[in-house]
Amino acid sequence: MGSTGRRAVGLIFACSFLICCAAILVRPSAPSAQEKTTVTKKSGASNSGTGDAYRLNMLGVAYMNQQRPADAQKYFEQAFEADGKFAVARLNLGVSLLAQQKLEPARVALEAATQQIPNDAYAWYNLGLVYKDLGEAEKGIAAFQHVTEIAPNEADAYYFSGYLYSQLQKYDEAITSFQKGLALNPFHASSEFGLARALQRKGDVAGAREHLARFQKITTEHLGTPFGAGYGDQGRYSLAELPLNSVVDVPAAIPVRFVLEANAFVSKGGGAIRTEIGASTGACFFDFDGDGKPDLFLVSGTADGASRLLRNLGDGRFEDVTKELKM
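**A look at helix α5 (residues 87-99)**
Counted at 1.5 Å a residue, the expected span for α5 with its 13 residues is 18 Å, and the 19 Å between its end C-alpha atoms agrees. Counting buried residues in α5 gives eleven out of 13 residues, a clear majority hidden from the surface. Buried within α5 are the following residues: Ala87, Val88, Ala89, Leu91, Asn92, Leu93, Gly94, Val95, Ser96, Leu97 and Leu98. Where α5 terminates, the next one or two residues include Gln101, which has phi positive at roughly 60°.

Here it is, written out as structure tokens:
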């Protein structure tokens, strides 16, 4: 391969990288025009209030993600005022109060939420955290057992059940809970540590040493991270919930069909026969051969297709030189 070919290959790799980066960066952060014009179902003031509640709840979740629970609390309160049947707003209000260690108000909000949405794992999980912080271990265990019934593959809930059993000095039950959590997630650092402590308190020194060594391996090799005390540091269900919005009426998908057609302005290298390029997911103009005319690199949009390099012939036409440069 000549110097021109090597230069072209290097530039092609650079273009491919830039196109991939551009595809990520141009993801819209604001609603598209189609989204802005989406019709909202209007069956009276109730739906309007529900739409406001979803919007306010979303703002509250955003503030929680910024570690600003006091600001989030205001939006969750407004969301619940907009629609008193929107139980997730009440749930998230409890989450924001818990993050501020306002435990009694958090308990009230979350107990009400579990009554409204008894099959919501977020509600029971956060209620369990409240009971834990209030020192009501048995109620906490019951709450986390609800979580394991709703989400049986959730290791975090088994950890907290084990933690609370340990607080009650019920070490056999604690060990069983920690083991169930580790069966679901072998790198659950907190469960390994909890299991080591439960075994130690039960008198199994060798078992405690073994699991403490596993805990140290998990943390030092960054295979897992033990729970913290901050918002979102106690498992995925400790986060505020962002439910799917059932208010917006999404229009039907627009059917799109691609038909391969010979390009009138692209010819195969070494001849005048037209060639089919196919669908593309990106394009980049650059002068790969240094002749002063911008050439075109196309990224294939088909699963088994090949990307194309088109040389600018300078007369409104391009020549497909992909195969020539591969030789």
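**Here's the deal with unusual backbone geometry**
Although it is not a glycine, Gln67 adopts a positive phi angle of roughly 60°. Inspection of the secondary structure assignment puts Gln67 in the loop between α3 (45-65) and α4 (69-82). Positioned with a positive phi, His222 is a non-glycine residue whose angle comes to about 55°. With respect to the secondary-structure elements, His222 resides in the loop between α12 (205-220) and β1 (266-268). Judged by its relative accessible area of 72%, His222 falls in the exposed class.

**Thoughts on the packing of aromatic side chains**
The tally for this structure, following the rule as stated, stands at 13 aromatic pairs. On the basis of an interplanar angle of 15° and a centroid distance of 5.3 Å, the ring pair of Tyr63 and Tyr75 is categorised as stacked. In this pair, Tyr63 is assigned in helix α3 and Tyr75 in helix α4, connecting sequence segments twelve residues apart. Since its relative accessible area comes to 23%, Tyr75 is described here as partly exposed. Judged by centre distance (5.4 Å) and plane angle (5°), the ring pair of Phe160 and Phe227 falls under stacked.

Conventions and cut-offs
Residues numbered from 1 in each chain as written. Predicted model: local features only at pLDDT ≥ 70, side-chain atom pairs only at ≥ 80, totals over all residues. Heavy atoms only, no water. Helix = DSSP H or I, 4+ residues; strand = E, 2+ residues; numbered from the N terminus. Expected span 1.5 Å × (residues − 1). Buried < 20%, exposed > 50% of the residue type's maximum accessible area, 1.4 Å probe, protein only. Phe/Tyr/Trp six-rings, centres within 6.5 Å; stacked < 30°, edge-to-face > 60°.

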